[in-house]
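Next come the chains, spelled out residue by residue.
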Amino acid sequence: MNTFRTRSVLSVLFSQVAWMATAAAFGGNAAIDLNNLRPTAGLHKVVTQDLATVGEHLALTTQVMTHYADQPLVFCLSDGSCPSTLIAHRLTADHSVAFSLWRRVEFALLVPLALYQQSGPPPVGVRIVASDALSDPTALAPSLFALGDVRLRTKVVFYSQPLWGIGATVSLSLPSGSGNSFMGSALPSLTVRLLSHWHFRRLTAVFNAGWIFAASESVLNVSSGMAFDYGAALQIELFRTGSTPFSVFGEVFGSVLTRLDPSVDLPAEFVIGAKSQFGAWGFAAGFGSGIHSGAGVPNVRGFLGASWTWEPAKSVGPQP
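The following paragraphs examine the structure supplied in this document.

Calculation rules
- Residues numbered from 1 in each chain as written.
- Predicted model: local features only at pLDDT ≥ 70, side-chain atom pairs only at ≥ 80, totals over all residues.
- Heavy atoms only, no water.
- Helix = DSSP H or I, 4+ residues; strand = E, 2+ residues; numbered from the N terminus.
- Contact = heavy atoms within 4.5 Å.
- Areas by Shrake-Rupley, 256 points an atom, 1.4 Å probe, with all protein chains shown as cover.
- Polar contact = N/O pair within 3.5 Å; in protein donor to acceptor, adjacent residues only side chain to side chain.
- Patch = residues over 30% accessible without salt bridge, like charges linked within 9 Å, V, L, I, M, F, W, Y side chains within 5 Å.
- Salt bridge = Lys/Arg side-chain N within 4 Å of Asp/Glu carboxyl O.
- Phe/Tyr/Trp six-rings, centres within 6.5 Å; stacked < 30°, edge-to-face > 60°.
- Buried < 20%, exposed > 50% of the residue type's maximum accessible area, 1.4 Å probe, protein only.
- Core = buried A, V, L, I, M, F, W, Y, C linked by side-chain atoms within 4.5 Å.
- Pairing = 2+ DSSP bridges.

### A word on the overall build of the chain
Scanning the chain for helices and strands turns up 1 helix and 17 strands. Across the chain, contacts joining residues at least 24 apart in sequence account for 64% of those joining residues at least 6 apart. When the accessible area of the chain is evaluated, it comes to approximately 15100 Å², of which 66% is carbon and sulfur surface.

This is the structure we're talking about:
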């Protein structure tokens, strides 16, 4: 029965990936993914930062997180003037499902959807190079509703105990997103991260770092490609009512592109918020802003998420 359930879940995951990967055109005039806030999947995490642990064997966690970004992409000239807001407002819903095995491995499918986008007029007279061809500037207006790049993530726990843990994640991003809405890349990319966390009483500290392997894409002065990827988090459990904890947290995350243009290639953000777990249901809410300007870094960001976890019933031995 367990083997059948495992195969069924994996079959659903891969069938969704195949459908999503063919649902949208590859590339486009704005083939850059501006989703800097990427809520991670599963139960053992803060918000965007993974802990080096996974759920019980055959546990399943589904999650939906909605987040709003104010002006995540503004086009500015070298003289400091900013003639156009390419994305003034964006409301995104990130969906994910995670499935853990043997308390060592977790597989996840993550699908972002832009529910609403609004932009200002494109800069007049600017020539835009994308996919080695000149494009019409008016093509940069993002769609009101757009699919993002689907991601497949595998988490592996190397060592975990109550006080600390070490692990890694490998994420494959598929070019299924809208390449005309700053929601997807033209080619697949791979992100490899090392995970580490520490517990001390009610405090949890997380530090994760890795590398993004991706092809270089440029739109105006915005670029994507190879980059160092990092994130850190602190979470404090304020109190617990029965088995229901209530915690506050803060996260810092960003990347460093190899092109190293200080104006756009060092995007970094912070978020703070609160979360709780009511049995199988988890809830998180918070807000944040930019630390260093860059593509996808908003003036203000807000988010609200909910998750549900199913775990197989534990067998109970005979009573004495």
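### Quick word on the side chain of Asp 50
With respect to the helices and strands, the residue Asp 50 is situated in the loop between α1 (2-21) and β1 (60-75). A polar contact of 3.0 Å, which involves the side chain of Asp 50, links it to the side chain of Arg 153. Setting aside residues up to four positions removed in sequence, Asp 50 forms contacts with Thr 40, Ala 41, His 44, Lys 45, Arg 153, Lys 155, Thr 169, Leu 195, Val 206 and Asn 208.

### Here we look at a nonpolar patch on the surface
A surface patch of nonpolar side chains, amounting to about 880 Å² of accessible area, comprises Val 156, Phe 158, Tyr 159, Leu 163, Trp 164, Ile 166, Leu 194, Trp 198 and Phe 207. Counting through the fold element by element, Leu 194 comes out in strand β9 (residues 189-200).

### With respect to the packing of aromatic side chains
Taken as a whole, this structure holds 6 aromatic pairs when the rule is applied. Ring geometry for Trp 281 versus Phe 283: centroids 6.5 Å apart, planes at 15°, classification stacked. Accessibility expressed as a relative area gives 45% for Trp 281, which makes it partly exposed. Given a relative accessible area of 39%, Phe 283 falls into the partly exposed group. Through a chain of ring-to-ring contacts, three or more aromatic side chains come together here, namely Phe 278, Trp 281 and Phe 283.

### Some points on the nonpolar core
Counting 12 residues, the largest nonpolar core is built from Leu 37, Val 46, Val 47, Leu 51, Met 65, Val 206, Ala 233, Phe 249, Phe 253, Val 271, Ala 284 and Phe 303. Filtering out sequence-adjacent residues up to four positions away, Phe 303 remains in contact with Leu 37, Val 47, Met 65, Thr 66, His 67, Phe 249, Val 271, Ile 272, Ala 284, Ala 285, Gly 286 and Phe 287. Counting residues in each nonpolar core, the second largest holds 10 residues, with Leu 58, Phe 99, Leu 109 and Val 150 among its members.

### A word on unusual backbone geometry
The phi angle of most residues is negative, glycine excepted, and most peptide bonds adopt the trans form. Despite not being glycine, Arg 103 shows a phi value in the positive range, around 55°. By the element assignment, Arg 103 lies in the loop between β2 (84-101) and β3 (105-118).

### Focus on the pairing of β3
For β3, the buried fraction is high: 10 of the 14 residues fall into the buried class. Alignment of β3 against strand β7 (residues 150-160), held across 6 bridges, turns out to be antiparallel. Within β7, the residue paired with Ala 108 across the bridge is Arg 153. As paired elements, β3 and strand β6 (residues 146-147) share 2 bridges and run antiparallel to each other. Across the sheet, Leu 113 pairs through a bridge with Leu 147, a residue of β6.

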